[in-house]
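# Structural description and commentary
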Amino acid sequence: MAVTCNEAWEKITLHQDPSLKELFADDPERVEKLSARLELTRGDVATGILFDWSKTHLTDDLLSDFEELALACGFDDMREKLFAGEVVNPTEGRAAEHSALRGVGKESSVEEADALRERMRLMVGAMHEGAFGEIKHLIHIGIGGSALGPALAVDALARDLPVVDVHVVSNIDGVALEEAFEACDPATTFIAVASKTFTTIETMTNAQSALKWLADSGVEDSTGRVIALTAAPEKAVEWGVDETRILPFAESVGGRYSLWSSIGFPVAIAVGWEDFQAILDGAARVDEHFRDTDGRKNLPLRAAFADLYYSRIKGAQTRAVFAYDERLRLLPDYLQQLEMESNGKSVTVEGHPTEPTAPITWGGVGTDAQHAVFQLLHQGTHLIPVDFIASVEAGDTLDAAHHHILLMNCFAQGAALMAGKSSDDPHRNYPGDRPSATILVDDLDATTFGALVAFHEHRTFANAVLMNINPFDQFGVELGKEIAKKIEAGGERFDPSTEALLKAAGVS
Ligand code: F6P
């Protein structure tokens, strides 16, 4: 008889937890069973990513029970709905069609996305060819999902001679915008205003100031220098952007899943169209894998099994991600929004209180983090599953020693966390048995980058489905916005602490 979701969870809680060392000793095929390559191609060139989950406590039995859980929670059905463009965000009555932007999804949505992408390709081409005059700089203004993806992609992929120098500005703190102004020549600068809603206060205020900067610097048609990236083109027109300068995307694309839409415009501007398309193609390959692979062989789903084992069963409150690649230094920031805004919920889809949901995502870059936070990972009291991400090929052209040391350190940390080292001196004792996963990219380029990001999107979705929460809404961010508006408007009284702060700032 089929078990319910709750029964399947119950069963998982009954598992004994052998140590990682024991798991390796008991099963000589453990590495083969728990690591897999995702094969990718770029043109005729083969590339890929190795996902090694063998240093987690997943076992054959545990995987079977998680597969049963997936079945009981209707994972297949939800996944089908996701790719069919059906409503998977019931609180807002929306589909979540980010994969359609990569060519995998409902036919009509893929066609619509193709048409919008073609419009963007023509715009990018025209700008590169000089149809809009000389463009040396692009200030991309957006926040949250309208900034984190572009910032990550540009930082990762546009390091060597970007076609156009891109600055991503998100913070309302004018210091951020001023920093971009300092680096750009107004005579050769375009502004991209990226906002799904085209109403976000930070973005609209920054955009206004950027226009003023252009005008004050003697640029005659400053609004002519604006490209709007939005799902609300009518709002962009109202704001003053010429219709021909608007690159729209579909309402069914969520902000934190929008890198692949026109929100990726600065990426295409910086790296060129071919590389932007390669990002989409790498992501599409993961879409197909996620859509067509069942059970433990499905890599994002398998990762979600481990995530949930630690967060729900073992009580891990955080998960850490360390990119042993300077080009991915912004990945933890990106993943924080993806995972915490998606799965930081405390009610089920039906609105009932739920067991713990998303852990706090945090992390940094290796090897820097080793000399800052790894003490706690090795000897602290928290259980923190760690992901290591690295590239076999170096991103630099210096002496090969740099990359070799980087990579060896990455592997050493996973090995040390697992093995530990006993000592009679408690201060020098390493308990070990601390889980980690390693994602090893053949070569970090546009294709593998796209695949890496899409892997995390689907992992986040899989986590949500097994927890029976909605990963596609974000009502939690609204209350703060509302109160900020009220405080700004004045005339209302707040709690004594807030009142005292307002007074100290000379506001009331
Ligand atoms: O405040 C949260 C949020 O709505 C995010 O989900 C979104 O990515 C960000 O604000 C920016 O929104 P917009 O693209 O509409 O400006």
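Residues numbered from 1 in each chain as written. Predicted model: local features only at pLDDT ≥ 70, side-chain atom pairs only at ≥ 80, totals over all residues. Heavy atoms only, no water.

## Examining the sheet that holds strand E3 (residues 137-141)
Overall, parallel pairing links the five strands, which are arranged E4-E3-E5-E6-E7 in an open sheet. The sheet terminates laterally at strand E4 (165-169) and strand E7 (246-248), the two strands that pair on one side only. The average angle at which neighbouring strand axes cross in this sheet is 20 degrees, direction not considered. Here strand E5 (residues 189-194) pairs with strand E6 (residues 226-230) via four bridges, running parallel. Counterpart to Val 193 in the pairing with E6 is Ala 228. Packed on one face of the sheet, helix H9 (residues 201-216) meets E3, E4, E5 and E6 and runs near 165 degrees to E5. (Pairing = 2+ DSSP bridges. Helix = DSSP H or I, 4+ residues; strand = E, 2+ residues; numbered from the N terminus. Axes fitted to C-alpha atoms, helices over the stretch in contact; angles between N-to-C directions. Contact = heavy atoms within 4.5 Å.)

## Looking at the domain arrangement of the protein chain
Its domain assignment divides the protein chain into domain 1 (22-84 + 293-473), domain 2 (105-276) and domain 3 (477-508). A straight line from the C-alpha centre of domain 1 to that of domain 3 covers 40 Å. (Domains from an automatic or database assignment.)

## Focus on the nonpolar core
Among the nonpolar cores identified, the biggest contains 104 residues, and Trp 53, Phe 66, Phe 265, Leu 328, Phe 449 and Leu 466 are the most heavily contacted of them. Element by element, the count of residues in this core is highest for helix H17 (residues 446-467), at 13 residues. Residue-level mapping places this core at the junction of two domains, with at least three residues from each of domain 1 (22-84 + 293-473) and domain 2 (105-276). By size, the runner-up hydrophobic cluster in this structure holds 22 residues, among which are Ala 180, Val 193, Phe 198 and Met 204. (Core = buried A, V, L, I, M, F, W, Y, C linked by side-chain atoms within 4.5 Å. Buried < 20%, exposed > 50% of the residue type's maximum accessible area, 1.4 Å probe, protein only.)

## Here we look at a negative patch on the surface
A cluster of like negative charges, contributed by Glu 220, Asp 221, Asp 242 and Glu 243, occupies part of the molecular surface. Along the chain, Glu 220 turns up in the loop between H9 and E6. (Patch = residues over 30% accessible without salt bridge, like charges linked within 9 Å, V, L, I, M, F, W, Y side chains within 5 Å. Areas by Shrake-Rupley, 256 points an atom, 1.4 Å probe, with all protein chains shown as cover. Salt bridge = Lys/Arg side-chain N within 4 Å of Asp/Glu carboxyl O. Lys, Arg positive; Asp, Glu negative; His and termini not counted. Charge placed at Lys NZ, Arg CZ, Asp CG, Glu CD.)

## Structural notes on H17
For H17, spanning 22 residues, the distance from its first C-alpha to its last is 32 Å, which sits close to the expected 32 Å at 1.5 Å a residue. For H17, a buried count of 22 out of 22 residues is recorded, marking the element as mostly surrounded by other parts of the structure. Put simply, Asp 445 is the residue that caps the front of H17, since its side-chain oxygen is 3.1 Å from the backbone nitrogen of Thr 447. Looking one or two places after H17, you find Asn 468, whose phi comes out positive at around 60 degrees. (Expected span 1.5 Å × (residues − 1). Polar contact = N/O pair within 3.5 Å; in protein donor to acceptor, adjacent residues only side chain to side chain.)

## Some words on the sheet that holds strand E11 (residues 436-441)
Read from one edge to the other, the open sheet built from six strands follows the order E1-E2-E11-E10-E8-E9, with strand pairing classed as mixed. Looking along the sheet, the strands with just one partner apiece sit at the ends: strand E1 (35-42) and strand E9 (360-365). Averaged over all neighbouring strand pairs, the angle between strand axes comes to 15 degrees, with direction disregarded. As paired strands, strand E8 (residues 318-324) and strand E10 (residues 386-391) are joined by five bridges and run parallel to one another. Directly across from Phe 322, in E10, lies its bridge partner Phe 388. Packed onto the sheet, helix H13 (residues 299-313) meets E1, strand E2 (45-52) and E8 and runs at close to 145 degrees relative to E1.

## With respect to the site of the ligand
Neighbouring the ligand are 13 residues; Ser 146, Ser 195, Thr 197, Thr 200 and Glu 341 lie closest to it. Here an oxygen atom of the ligand sits 2.6 Å away from a polar atom, N or O, in the side chain of Thr 197. Between the ligand and Gln 337, the relevant distance is 3.3 Å, taken from an oxygen atom to a side-chain nitrogen or oxygen of the residue. Starting from 390 Å² of accessible surface for the ligand in isolation, the protein chains cover 88%. Classifying every residue of the shell around the ligand gives two nonpolar, eight polar and three charged. (Near = heavy atom within 4 Å. Nonpolar A, V, L, I, M, F, W, Y, C, P; charged D, E, K, R; others polar.)

## Examining the environment of Arg 30
In this fold, Arg 30 is placed in helix H3 (residues 30-34). Taking relative accessible area as the criterion, Arg 30 reaches 4% and is therefore assigned buried. The spatial distance from the C-alpha of Arg 30 to the C-alpha of Trp 53 is 9.5 Å, given a sequence separation of 23 residues.

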